[in-house]
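Take a look at the letters that make up each chain.
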Amino acid sequence: MGKRSVFEANPKAAHTGHHAKRQRVDGSYDRELPAGKVEEVISTQQLQRSLVFDQGDVRSLREGLQSFKRFLDSILYSTEQDELPRKRAILREFLDTQKEKGKDAKDTVLLPQFIQAWDYAAETNFDMLLAQVTAELALLFKVFATHSDFEQYGSLLCKTLLQPSVARRFVRNLSAPTNRENVILPAVRLLIEMTKYKEGAFARSVYTRKDFTFEPKILARNIAAWKNIQGQSAEEIQRKPSVRTVSVRYLLAHLKYQDERTKAEILANKDVIRAVFDHVTVDPPHLISEILDAFRNHVFLDKTIPRAVKSRILNGRALTHLAGLYRYEAPEGTVGEGKKAPDALAHDFLRLVCTSPAYGVMLPTQGYYPQPSDDDDGDVQMDDLLDPDGDFGLDFAGPQQPSSVRNIILSEFLQSLRPYAHILHQELVIDIFNACPELISDYFYKTKDFNYEPKLTATWIGFSAFLYQTIEMPVPQYFGAWKGYRAGPPPLYNLLQSVLPQPVTQQVLIKCLNSNSDLIQLFAVRVLIVAFHKLRNVLKELDNARLSRPGQSWSNTSMRLVNEFSQRCPPMKTIITAFRQPAFQKGLKREAITRLLRLYFEVTPQVALEEKFDVSVPLCNALIQAEKLQDSAEEKAFCVMELEHWIQMARHSPAMRWWQKNKTLAQSPFVTLIKLIASSPESELYAGIKTLLVGIVRDQEMFQVQTAPDALDSLIASLSASCGQSGLVLDFLDDCCARFSKSPIKYFDDLDALRAKPPASNSGTGAFSPVVLTLVEQWPFKGGKSEKGNPAEPIAQWLSKLLYLLKLIGEDEHMLELVRDSLVQSADKAYQDVLKDSFLWKMGKEKVKEALKLATGADFSGSERSSTSPVPREQPAEEPEKTLPAVDLELPPEEDEKHPGLNRWRKKELEESIEDGDVGDLLLCLCSKHAEIRIQAVNNTRQLIAMLDREKSDQQQLWVLLNQTLETVATLPDLKPLPYVGGVFAARCVKVLAEPIHYMYPKISKFLTSRPYWEVRNIPRRFSHITINSEPDEDDGYHKEVGWFLDYLLDCLRTPEDMEIFRTNNIFERLLSYYTSKSCAIASKEKIVRLLLRAVAVGGSTTLITRCGLVSWIKMMLDSNDYRYRELRLLAERVYGLCDREKVDEWSSGTIGGMVKSVVGVAT
């Protein structure tokens, strides 16, 4: 049993001090001090005479206290700075005279006259004197805090007031009736000043006397003593604070300055904390701000306070009172300029504490999975009790209620919010749903008053916006599991409620679509669109889970989810009927419902194809609308978006005929689309349609898509408006495409025959578009005979431009020459000269090259792939290159002298530090050229390892990586810096290990388990072998792994020491050989060129020339028409310009300079 406080033992004693009240003697003293002239303090002796306590002359002491107050105010709020030193000197001299030994002759007491007066006032119930003494002491502490000369006096006064014989008098003030504010407020202010003094130096001592200074029952009573501020001005609220205001500030001062153990003990007082939040809705705005700021920064964000303590602070009752601040109306003038209103402050506070398990309100959850059992660690792979490969024997209707939730407090709190009526409520609910997805189904199941019947009211609109945001939320990774996919999928009900919540039923949606209100119709369509997108994301995640954890349960859940979703959505027939209504024929609504139809085809194709709907008719109508001149850019954009939707639907429709003419179109839909894209000056507007067309031609194998730009880009450029469009050309192209689509095998046989033509050694094996053979076949019927006026001249000109562009983008030149010869042979004499010049540069070809550049961003100006193509003399080759972006010289990054990576990781959660690269930056500090920085980096890395050990997190692989990095550093002689080859490798491994599904995770993990430290010099060679020369861990992961390895090489090559490691490992020889292989992707080639530029920048020019034969390699690449010619020429110029000329010339017998000159094209 704990020791009772004075207040608990005898509550009356704190008020009276004696068992029997002493009778007052008339005239003994005046209770009220008449107002009069206050004597100005000018000397120490004056203060000594006026501040002497005499029981028979209390009036004189009170007058002296009043003068003393005026004197302290003149120091604290001085307007005459010249007088301050004199006044401070008077005060110091006075305080020196007010020291004496205590009763036990051990402790020194400061201001004994004040202490005697305080005792006398407490014993005689002299409230005026009691308030006056404590107020002067509080003011004195404020003065002490203004200047360091008074520090010793403040410390001595704190020790004096905290002596048991003095501290017990605080109870007399604090326990006074709440209507006697003049007694309570000065004492609380005095305690606040003592707690804050010297940045909380005596806060612990104040709390040690908690029986007198922090009695929980008294403090809870005072905090609950709120006062109505309605009708008061902002000045009055600030000038006359209530007992609650001052008491709350006293509590907050302790929360700010106490250590974590004391704060935990304070927060365990339920009555005190409950009193703070129970009446927060009636507090003035400035106090609300102080409360929320203190609890935010000094409690919930304080990581030293255990989560168990934080969880007891905010229960459902406290959260409800805080949510009441959303309706708070601040009195006029009480919210300062630039300050947030109480509703915004409460919103930020609730969003913080309700969305993270670290703050105690929210419990860790498993996303869409139900609450784990008591013997489950929360992420154990829970095998389903039923057969995972069967259909479970369950009815497809699915469950009708959610499973139990773990966050009961948040579940009940959500029911008190009105997200459909208040925007801040809506944001808070959405944030809680994002952090705790298990509450979505629980919330809509328990909220019975939601009615989505179409009524154009503010509530219905707010509810629609809330539903839209709820559905739009992303699908949690692994469906909310912590360490990867579990053995089975989440409950179907939870998945369905996250995709299409319970209030959104099929009947309600049909009513919305048939409503007379445009706004209701648009809202219904938008909700359905976002629901389809969410369903697609959930199905994709289920498919990923099936690949990771094979089992029939994932496929069954996908099938059941689509079935349930289809029953909740309006039938396809209803959407088609709504699309045909006049109300949906306007821009925004028409685009929206067309997008919805597209999603039916993409996400639920079986449901869409069951409805007999001819897509070709609306597609043709959309093409006609797109061909018309629109009145505004907005209408044109809507037309193009709608057209894109119809194209996507047509791709899913097996009845679509892309190359068949329609009565309403001059050409087939495919050629009409080509014409639209080619004639439009805004290529970005048709980017989506262009992507869909690439998919169509890829399916038909009509045009090759291996090169970049591809054959379709060349076709569009040849038909561009700047090159002139002809209906004859479009009809010819349309006829050829239709013939190819009807019998493609015939033309593939012709292709094989063409490849077999001699010379066999030079036969084409590169990229080639088979549809060109159809053009060869049909050309004699157009240009093979002589006619008056040469009507086939436009076709001949177009064929010449097309062949020129196909050769320019890199199609097989030998095959194209054979095609050209065939066209010339079958052409009339009037057209032969045009076709013969197909591969020669003519002034007319400049327009098609410009069109190709506008369409794709590629630029072949000044560089022809064929050595037989003459360059025009009228326009030098250098001029077009002036408009090109400058080639990056790939200079190595310089070391940041501030080294923010040393400590930035401490300021964030571990996961956030990993994601933002802060842990990687810490490891890079091990490569610093400054020894002291490296020492700090080693120590900080050890602290990070200790934190991982202490928190027992699931970052076991990160723990291994950090330890191996330190072991590697320890093997370096004389504390040399870690080469960037090792530092960058460690930094990049951090992010890989944080994501177990990363494509490099298996290889990195295997490398880390091979030995306790690394041979840094061998890292590039080893990963070159396991990425470039080995099979990937994933079927489609080869180029990803190679790209990661090349990015690593480019990042780690920063110093000559790194260059030496590359040299000894033959890295550049390997990469130059890989560059010429067919397995090297375009992106990899660009990275290799960048790596070579980086090697030149760090002083590796001589090595690249003499050991790798780089100049000869560059010449070979340019001879093979490598389109990175600008970068290669710059590389040749820099590698020769920065090398050791004498050594290189000796090595090459003086021939290297001429070779570089021929490659670069300018004098070196």
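Residues numbered from 1 in each chain as written. Predicted model: local features only at pLDDT ≥ 70, side-chain atom pairs only at ≥ 80, totals over all residues. Heavy atoms only, no water.

Going by what an unreviewed UniProt entry lists, the protein is known as Ribosome biogenesis protein Urb1 and is assigned to Bimuria novae-zelandiae CBS 107.79.

1. Quick word on the overall build of the protein
Along the backbone of the protein there are 63 helices and two strands. Across the 1164 residues that make up the protein, the buried fraction comes to 51%. As displayed, the protein has an accessible area near 54,400 Å², and 50% of this comes from carbon and sulfur atoms. (Helix = DSSP H or I, 4+ residues; strand = E, 2+ residues; numbered from the N terminus. Buried < 20%, exposed > 50% of the residue type's maximum accessible area, 1.4 Å probe, protein only. Areas by Shrake-Rupley, 256 points an atom, 1.4 Å probe, with all protein chains shown as cover.)

2. Things to note about the nonpolar core
With 274 residues, the main nonpolar core has Leu91, Phe295 and Leu314 as its most contacted residues. The greatest single-element share of this core, amounting to 16 residues, is contributed by helix 29 (residues 518–548). (Core = buried A, V, L, I, M, F, W, Y, C linked by side-chain atoms within 4.5 Å.)

3. Focus on helix 34 (residues 616–627)
Over its 12 residues, helix 34 extends 16 Å from the first C-alpha to the last, a length consistent with the 16 Å expected when each residue adds 1.5 Å. Among the residues of helix 34, Ser616, Pro618, Leu619, Cys620, Ala622, Leu623 and Ala626 are the ones counted as buried. Tucked inside the fold, the buried residues of helix 34 contact helix 35 (633–652) and helix 36 (669–679). (Expected span 1.5 Å × (residues − 1). Contact = heavy atoms within 4.5 Å.)

4. Observations concerning the packing of aromatic side chains
For the coordinates displayed, the defined rule picks out 41 aromatic pairs. Between Tyr485 and Trp554, the aromatic rings sit 6.4 Å apart at their centres with planes inclined by 75°, giving edge-to-face as the arrangement. Here the residue Tyr485 occupies a position in the loop between helix 26 (458–472) and helix 27 (492–499), and Trp554 occupies one in helix 30 (residues 552–568), the gap between them amounting to 69 residues. In this pair, the class of Tyr485 matches that of Trp554, namely buried. Taken together, a centroid distance of 6.2 Å and an interplanar angle of 45° make the contact between Phe1007 and Trp1014 tilted. Here Phe1007 matches Trp1014 in class, with each residue buried. Put simply, the rings of Phe141, Phe144, Phe150, Tyr153, Tyr197 and Phe202 pair up and form one aromatic cluster. Positioned above the aromatic ring of Tyr1013, the side-chain terminus of Arg1011 is 4.9 Å from the ring centre. (Phe/Tyr/Trp six-rings, centres within 6.5 Å; stacked < 30°, edge-to-face > 60°. Lys NZ or Arg CZ within 6 Å of the ring centre and 35° of its normal.)

5. Topic: unusual backbone geometry
One non-glycine residue, Lys198, lies in positive phi territory at about 55°. The topology assignment puts Lys198 in helix 11 (residues 181–200). Residue classification places Lys198 among the partly exposed residues on the basis of a relative accessible area of 38%.

6. Comments concerning the packing of helix 27 against helix 29
One can describe the packing of helix 27 onto helix 29 by two numbers: an axis separation of 9 Å at closest approach and a directional angle of 145°. On helix 29, the residues touching Leu495, Ser498 and Val499 of helix 27 are Ala531, Lys534, Leu535 and Val538. The residue makeup of the contact of helix 27 with helix 29, split by class, is five nonpolar, one polar and one charged. (Axes fitted to C-alpha atoms, helices over the stretch in contact; angles between N-to-C directions. Nonpolar A, V, L, I, M, F, W, Y, C, P; charged D, E, K, R; others polar.)

7. Some remarks on the pattern of salt bridges
According to the stated counting rule, one finds 38 salt bridges in the structure shown. In this structure, Arg92 and Asp149 form a salt bridge, with 3.5 Å as the shortest nitrogen-oxygen distance. In this pair, Arg92 sits in helix 5 (residues 84–97) while Asp149 sits in the loop between helix 7 (127–144) and helix 8 (151–161), placing the two residues 57 residues apart along the sequence. For Arg169, the salt bridge identified is with Glu123, shortest N-O distance 3.2 Å. Of this pair, Arg169 sits in helix 10 (residues 169–174) while Glu123 sits in helix 6 (residues 112–123), and the two are 46 residues apart along the sequence. When its relative accessible area of 7% is taken as the criterion, Arg169 is described as buried. Since its relative accessible area comes to 36%, Glu123 is described here as partly exposed. Among the ionic contacts, a cluster of salt bridges with common partners joins Arg536, Arg598, Glu602 and Glu644. (Salt bridge = Lys/Arg side-chain N within 4 Å of Asp/Glu carboxyl O.)

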